[in-house]
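# Examining the three-dimensional arrangement
The chain contents come next:
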Amino acid sequence: MSEPRALVRDQPAPVLSEALLRRFDAPGPRYTSYPTADRFVEAYDAEDLCQALSQRAEGSVAGAASPLSLYVHIPFCDSVCYYCACNKVITRHHERAAEYLDALEREIGLVVDRLRSGQAVSQLHFGGGSPTFLSDAELERLVLALRRAFQIDEHSEMSIEIDPRTVTPQRLAHCRALGFNRISFGVQDFDPQVQLAVHRVQPFESVRELMLAARELGFKSINADLIYGLPRQTPLSFARTVQQIGELRPDRIALYAYAHLPQRFKPQRRIHAEELPSAAQRVAMLGDAIAGFLGRGYHYIGMDHFALPDDALAVAKRQGRLHRNFQGYSTQPDCDLIGLGVSSIGKVGANYYQNAKTLDEYYDALRQGQLPVQRGIALTRDDVLRRAVIMALMCQGRVEFESIELAHLVRMHDYFAREFEALQPMIEAGLVQLEPGAIQVTATGWYVVRAVAMVFDRWLQSDKLRERFSRII
Ligand code: SF4
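Predicted model only: the values in this text are computed from it and were never measured.

For the rest of this paragraph, the subject is the overall build of the protein chain. Looking only at helices and strands, the protein chain has 18 helices and 20 strands in total. Relative to a compact globule of 473 residues, whose C-alpha radius of gyration would be 23 Å, the protein chain shows 22 Å and is just as compact. For the protein chain, the residues scored as buried account for 58% of the 473 residues in total. Relative to all contacts within the protein chain whose residues are 6 or more apart in sequence, the contacts with residues 24 or more apart total 74%. Carbon and sulfur atoms make up 52% of the accessible area of the protein chain, which amounts to about 19,400 Å² in all. Taking the average location of the 54 positive side-chain charges in the protein chain and that of its 57 negative ones, the two points are 2 Å from each other.

As structure tokens, then:
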């Protein structure tokens, strides 16, 4: 018997089968883009991006361009968290920020030269690193530079990632005055032993004070990031963190699985592998956390994300308007994304690009008057089609054949014959239902939705390549 659609769409069953998760726990990407960033090639360069920007500019003159999304990467952090897999620069020299802002302003200028100034922005996000490494005056300088170049108004979503160790309620008030209306706190875990083991000590009381202040300041949406699978975590200790987060009641919660890949991420070598929880403990933590959030009235949005029922993300999920971009789930329609700053990723039309990953290369390109693009990819027709299928799975848990067939002029069963065959074990395991005109991810299947999406990923053919990604749980 098929499950009621409302249940499938909104709430997964709060029961996890360990055997099922183990069986489908293949390493896989998070699909904030398709193709994923590791497929970008260096043959794609600044010239290619210039062309894509110019084409967009022509479209905007003809009234065909939708609003933009902007992402600004601030790479600096005062100290290193041992679990970190981000592109960051650890330094206590805050004067380095000034040189970086000079470079960002040059980059903004080069983008606007191609794009024309005054383009409407629906979404602006400051990420890092730690955006709050910048002083209040530096944050203001950057926001003003962006406001001069783009049209950012009270309807634009402006969000910023906050490292609670670097801000005070007064600093939050300053962010609010600059126009930020959404805020995300990196919490990870409240247990003091876990915080010591990952070199990120931030007491519950200080995070509570900041979240209360953010609410009073009128931030529209407050997000908290948590991580399970960290050293010294136990199901019992993590249940306490889940309870404490429940008390603070952020509008959104992102619950990430820690991926221990010390060969790729140097800071992780300082984590003692013997202190990591076992696979069974990880499954227990995930299951308990999901049950805990659902029990406190949160809605399950999709991979790793929960939101209160009246939060825009939960509303968008119910209405089938959820999208996915490099920042995760979004309520904003799929729009072009301009990535600014070292290592930032952007998307313009059917192109993805990524900026230089080191500050030296980033500064060098800008000194030469060039966009600091290091690699990218121009999507083929096949990529665009598969992206539509993968994003429908990741966002709605459902692929309607008719909409894909009409938009891409293919017959699903012919084009994806091999993929339908590969779905069979998931259908038999009750993760996916094949309806006459649709693929539907079941309530249980939502937990492994990226494994379902991976079936449609042409680039993921060899198991060897898959090992580069983290595991799902
Ligand atoms: S986790 Fe965030 S704050 Fe910690 S080192 Fe990485 S980027 Fe910096």
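Read on for the rest.
What follows concerns the nonpolar core. Counting residues in each nonpolar core, the largest one holds 131 residues, and the members touching the most others are Phe126, Leu146, Phe150, Phe185, Phe293 and Ile338. One finds Val80, Val198, Ile227 and Leu230 within the second-largest nonpolar core, a separate group that totals 10 residues.

Scanning all chains against the criterion turns up 22 salt bridges. Here aspartate 102 and arginine 141 are joined by a salt bridge, their closest N and O atoms 2.6 Å apart. With a gap of 39 residues between them, aspartate 102 in helix α4 (residues 96–115) and arginine 141 in helix α5 (residues 136–149) connect regions that are remote in the sequence. For aspartate 102, a relative accessible area of 38% corresponds to the partly exposed category. The exposure class of arginine 141 is partly exposed, given its relative accessible area of 28%. A salt bridge links aspartate 382 to arginine 458; the nearest nitrogen and oxygen atoms lie 2.8 Å apart.

Moving on: the packing of α4 against helix α12 (residues 359–367). Contact geometry for α4 and α12: axes closest at 10 Å, N-to-C directions at 45°. Viewed along their axes, α4 and α12 adopt a mutual orientation that is oblique. The hand of the α4/α12 crossing is left-handed. Of α12, the residues touching α4 (which contributes Arg96, Glu99, Tyr100, Ala103, Leu104, Arg106, Glu107 and Leu110) are Leu359, Tyr362, Tyr363, Leu366 and Arg367. When the residues that make up the contact of α4 with α12 are grouped by side-chain class, the tally is eight nonpolar, no polar and five charged.

Bringing the pairing of strand β7 (residues 182–188) into the picture now. By the criterion of burial, β7 is predominantly enclosed, with seven of the seven residues buried. Where burial is concerned, the two faces of β7 agree: the one with Arg182, Ser184, Gly186 and Gln188 and the one with Ile183, Phe185 and Val187 are both buried. Across four bridges, strand β6 (residues 157–162) lies against β7 in parallel orientation. The residue of β7 that forms the bridge with glutamate 161 is serine 184. Taken together, β6, helix α6 (residues 169–178) and β7 constitute a β-α-β crossover, and its handedness is right-handed. Pairing of β7 with strand β8 (residues 221–228) involves six bridges; the strand directions are parallel. Among the inter-strand pairings, glycine 186 is bridged to a residue of β8, identified as aspartate 225.

Attention now goes to the side chain of aspartate 225. Mapping aspartate 225 onto the fold places it in strand β8. The charged side chain of aspartate 225 is buried without a salt bridge, its nearest counter-charge being arginine 200 at 7.9 Å. What aspartate 225 contacts, discounting residues up to four positions off in sequence, is Ser184, Phe185, Gly186, Val187, Gln188, Ala254 and Tyr256.

A few words now on the pairing of β6. Burial analysis of β6 places five of its six residues in the buried class, the great majority of the element. One ladder, built from four bridges, connects strand β4 (residues 119–128) with β6; its direction is parallel. Bridge pairing links phenylalanine 126 to isoleucine 160 in β6.

What follows deals with α5. Compared with the 20 Å implied by 1.5 Å per residue over 14 residues, the 20 Å span of α5 between its first and last C-alpha is a close match. Among the residues of α5, Glu138, Leu139, Leu142, Val143, Ala145, Leu146 and Ala149 are the ones counted as buried. Seen along its axis, α5 keeps its buried residues to an arc of 155°; they face one direction. Exposed residues on α5 whose side chains face more than 90 degrees from its buried face are Ala137 and Arg148.

An order of β18-β20-β19 is seen for the three strands of this open sheet, with the pairing classed as antiparallel. Of all strands in the sheet, those with a lone pairing partner are β18 (398–400) and β19 (432–435), marking the two edges. Strand after strand, the sheet turns through a mean of 15° between neighbouring axes, direction not considered. Helix-sheet contacts for helix α16 (residues 417–428) involve β19 and β20 (438–441), and the interaxial angle to β19 is about 125°.

A few words on empty space enclosed by the protein. A complete count under the given rule lists two cavities of 30 Å³ or more for this structure. One number sums up the size of the second largest cavity: a volume of about 30 Å³. Lining the second largest cavity, in full, are Val187, Gln188, Asp189, Val194, Gln195, Val198 and Arg200. A class-by-class count of the residues in the lining of the second largest cavity yields three nonpolar, two polar and two charged.

Bringing the environment of leucine 255 into the picture now. Position of leucine 255 relative to the elements: it lies in strand β9 (residues 252–257). Residue classification places leucine 255 among the buried residues on the basis of a relative accessible area of 3%. Sequence separation between leucine 255 and leucine 286 is 31 residues, and the spatial gap between their C-alpha atoms is 8.6 Å. Setting aside residues no more than four positions away along its own chain, leucine 255 makes contact with Leu226, Tyr228, Phe238, Leu286, Ala289, Phe293, Asp304 and Phe306.

Quick look at a negative patch on the surface now. Residues Glu42, Glu99, Asp360 and Glu361 make up a contiguous surface patch of negative charge. As for its position among the elements, aspartate 360 is in helix α12.

Now for the side chain of glutamine 188. Along the chain, glutamine 188 turns up in strand β7. Residue glutamine 188 is classed as buried on the basis of its relative accessible area, which comes to 9%.

How each quantity is defined
Residues numbered from 1 in each chain as written. Predicted model: local features only at pLDDT ≥ 70, side-chain atom pairs only at ≥ 80, totals over all residues. Heavy atoms only, no water. Helix = DSSP H or I, 4+ residues; strand = E, 2+ residues; numbered from the N terminus. Rg over C-alpha atoms; globule rule 2.2 N^0.38 Å. Buried < 20%, exposed > 50% of the residue type's maximum accessible area, 1.4 Å probe, protein only. Contact = heavy atoms within 4.5 Å. Areas by Shrake-Rupley, 256 points an atom, 1.4 Å probe, with all protein chains shown as cover. Lys, Arg positive; Asp, Glu negative; His and termini not counted. Charge placed at Lys NZ, Arg CZ, Asp CG, Glu CD. Core = buried A, V, L, I, M, F, W, Y, C linked by side-chain atoms within 4.5 Å. Salt bridge = Lys/Arg side-chain N within 4 Å of Asp/Glu carboxyl O. Axes fitted to C-alpha atoms, helices over the stretch in contact; angles between N-to-C directions. Parallel < 35°, antiparallel > 145°, perpendicular 65-115°, else oblique. Left-handed = near helix turned anticlockwise from the far one by under 90°. Nonpolar A, V, L, I, M, F, W, Y, C, P; charged D, E, K, R; others polar. Pairing = 2+ DSSP bridges. Right-handed = clockwise from strand over helix to strand, strands pointing away. Expected span 1.5 Å × (residues − 1). Arc of directions from axis to C-beta. 1 Å grid on protein atoms, 1.4 Å probe; cavity = no way out; pocket = protein on both sides within 12 Å on 5 of 7 lines; lining within 4 Å. Points joined across faces, edges and corners; volume = space filled by probe spheres on them. Patch = residues over 30% accessible without salt bridge, like charges linked within 9 Å, V, L, I, M, F, W, Y side chains within 5 Å.

Structural measurements only, silent on function.
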